[in-house]
Amino acid sequence: MDPSTESIRTDIAALLPRLRRFALSLTANRADADDLVQDTVERALRHLHQWQRGTKLDSWMFRITQNLWIDQKRARRVREIVVDDPEAAAAAAVDGARDAESKLVFADMVRAFAELPEDQRVVTALVLVDGMSYREAADVLNVPIGTVTSRLARARVALAARVYGEEGAKIV
Amino acid sequence: MDMSEALLIAYADGELSGEESRRVEAALESRPDLRAFVERQRALQRAVESAFRPILAEGVPETLRNTVFTKPISHRWRWSRALDRLTGKSPSRRILLWSGVPAAVALACGLVLGVAIVPQSGIRVDSVTGQMIAQGALKSALQTELASASIPSRDIRIGISFKAKDGRYCRTFENSGANAALSGLACRTGNAWSIVALAGVPRERSEYRMAGGMPEPVRAAVSQLIAGEALDGATERAARDRGWNSTGK
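Our subject in this report is the structure included herewith. Since this is a predicted model, take the numbers as computed values, not measurements.

The rules we used
Numbering of residues starts from 1 in each chain and follows the order in which that chain's sequence is written. Each chain takes a letter, starting from A, and each ligand takes a number, starting from 1, following the order in which they are written. Selection of residues for local features in this predicted model requires a pLDDT of at least 70, selection of side-chain atom pairs for listing and counting requires 80 or more, and totals for whole chains, interfaces and linings are taken over all residues. Water and hydrogen atoms play no part in the side-chain values, which are based on all heavy atoms of the structure. The numbering of helices and of strands both runs from the N terminus, where a helix is a DSSP run of H or I of at least 4 residues and a strand a run of E of at least 2. Under the scheme applied here, a residue whose accessible area is under 20% of the maximum for its type counts as buried, over 50% as exposed, and between as partly exposed, the area being computed with a 1.4 Å probe on protein chains only. The contact rule is simple, with two residues in contact once any of their heavy atoms fall within 4.5 Å. All accessibility values rest on the Shrake-Rupley procedure with a 1.4 Å probe; residue burial counts only the protein chains present in the view. What makes two strands pair is DSSP finding at least two bridges between them. Each helix should span, by expectation, one fewer than its residue count multiplied by 1.5 Å. Think of a polar contact as two N or O atoms within 3.5 Å of one another; within protein, one of them needs to be a possible hydrogen donor and the other a possible acceptor, and neighboring residues in sequence only count if both atoms come from side chains. Note on definitions: salt bridges are taken to be side-chain nitrogens of Lys or Arg within 4 Å of carboxyl oxygens of Asp or Glu.

### Details of the overall build of chain A
Tallying secondary structure elements over chain A gives nine helices and zero strands in all. Along its sequence from the N terminus, chain A presents helices and strands in the succession α-α-α-α-α-α-α-α-α. The buried share of chain A, taken over its 172 residues, is 53%. Sequence separation of 24 or more characterises 61% of the internal contacts of chain A that already satisfy a separation of 6 or more. Of the roughly 7,800 Å² of accessible surface on chain A, 50% is carried by carbon and sulfur atoms.

### As for the pairing of strand 3 (residues 156-164) of chain B
Residues and elements named next belong to chain B. Counting buried positions along strand 3 gives seven out of nine residues, so the element sits mostly inside the fold. Here six bridges tie strand 3 to strand 4 (residues 169-176), and the two strands are oriented antiparallel to one another. Considered in strand 4, the bridge of K163 is made with Y169. Between strand 3 and strand 4, which follow one another and run antiparallel, lie four residues, and G167 among them has a positive phi close to 95°. Bridge count for strand 3 against strand 7 (residues 226-230) is two bridges, and the pairing is antiparallel. Within the sheet, the bridge partner assigned to A164 lies in strand 7 and is I226.

### Points about helix 2 (residues 30-46) of chain A
Residue and element names in this part refer to chain A. The terminal C-alpha atoms of helix 2, which comprises 17 residues, lie 24 Å apart, in line with the 24 Å expected from a rise of 1.5 Å per residue. Residues of helix 2 that are buried include every one of R30, A33, L36, V37, Q38, T40, V41, A44 and L45, and no others. One side-chain oxygen at the N-terminal end of helix 2 lies 3.0 Å from the backbone nitrogen of A31; it belongs to N29.

### A few points about the pattern of salt bridges
Going through the model one piece at a time under the given rule, you end up with 22 salt bridges over all chains. Its salt-bridge partner being B:E58, residue A:R20 comes within 3.0 Å of it at the nearest N-O pair. Residue A:R20 is found in helix 1 (residues 3-27), and its partner B:E58 is found in the loop between helix 4 (54-57) and helix 5 (62-70); the two belong to separate chains. Both residues of the pair, A:R20 and B:E58, count as buried. Across the pair A:R162 and A:E115 runs a salt bridge whose closest N-O atoms are separated by 2.6 Å.

### A closer look at the environment of A:D34
By the element assignment, A:D34 lies in helix 2. The exposure class assigned to A:D34 is partly exposed, which follows from its relative accessible area of 23%. The spacing of A:D34 and A:R20 is 14 residues in sequence and 6.6 Å in space, taken between C-alpha atoms. Those residues in contact with A:D34, other than ones at most four positions away along the chain, are A:R20, B:P61 and B:L64.

Listed below in structure tokens is the structure:
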């Protein structure tokens, strides 16, 4: 095999755990998440010439994931996300988790994410789940950084209300 | 300064500039409610991150890994990688496919053009070495035709032959198609002819041929590689009769 072909495949394989985590935070559903990553990888390989070398491979692949997800949602006219049964989802997701509590935390977080509007959920997934900077998230989404800031703020006020209660979420 | 939620969250995330940060901190001094808000947002960030973190430690499903290592990769990407390897990776040294059209258009269309021409032009990209290798009619023309006895009506014509600084024999060629010609430079590598420069020339720009000129990428590659002068008729014939085996530097 061509060495450069092999090394790009290795680079993509190294991104799989992050892509799965990102996909799960979008889909709230393990089966959909793995399908989404599968589609992402196939599309990335087929369209690799569209990736500008010198730019970040991870940003490009996250962008594919989120575009595919938006397309899928439109195509299926899915308005509500199907959340896995929380117990099952948590058990499957947090196999290695130390305790039942962290499974519950996970299930609860997935549900909270599922309730966010799509554009806010994507930004939150990039910044809070994956730990990207606002700049990186803006690059993935191809939006101005101010859009990231405002979407993220709305999402986080909503998430905080859910996790900590209404009074803790807002500046009164 | 307006202490919006967005501003405080950006502060909590360490996304503010030094000066903005200091102004927020000054405001926080006298506002325990804002401090509490910032703290809660930091806690939320930790909670979200740690809730999803275990996914990273999971094994990736086998089917997914197989997809990464077996599904086909874009031909255009492989092609451009192959070109990079032949011409040097640095963009300034890279010899672009050249099509006699404005640079931006050439950049946009170059690789498509290359791929479109390949099947009939007798060039393949070797999947092991990534090099472009002449095959079919182009290979036999490079192997047998003499530049000094080039027949203008042929689809493939040899331009000049020369010895490269590394001792290999190299030859320029032109391969005419219905709408465009392909001009290139091939060097004898082992038993094959590897293509080291390649440029597409639209049919209507045939004045390049009439002027005896070469497209810039090919000309540049020739001047970079050539040791001394192009071979004269007798030397070229002798080299061909030896099967283009190099005779040392």
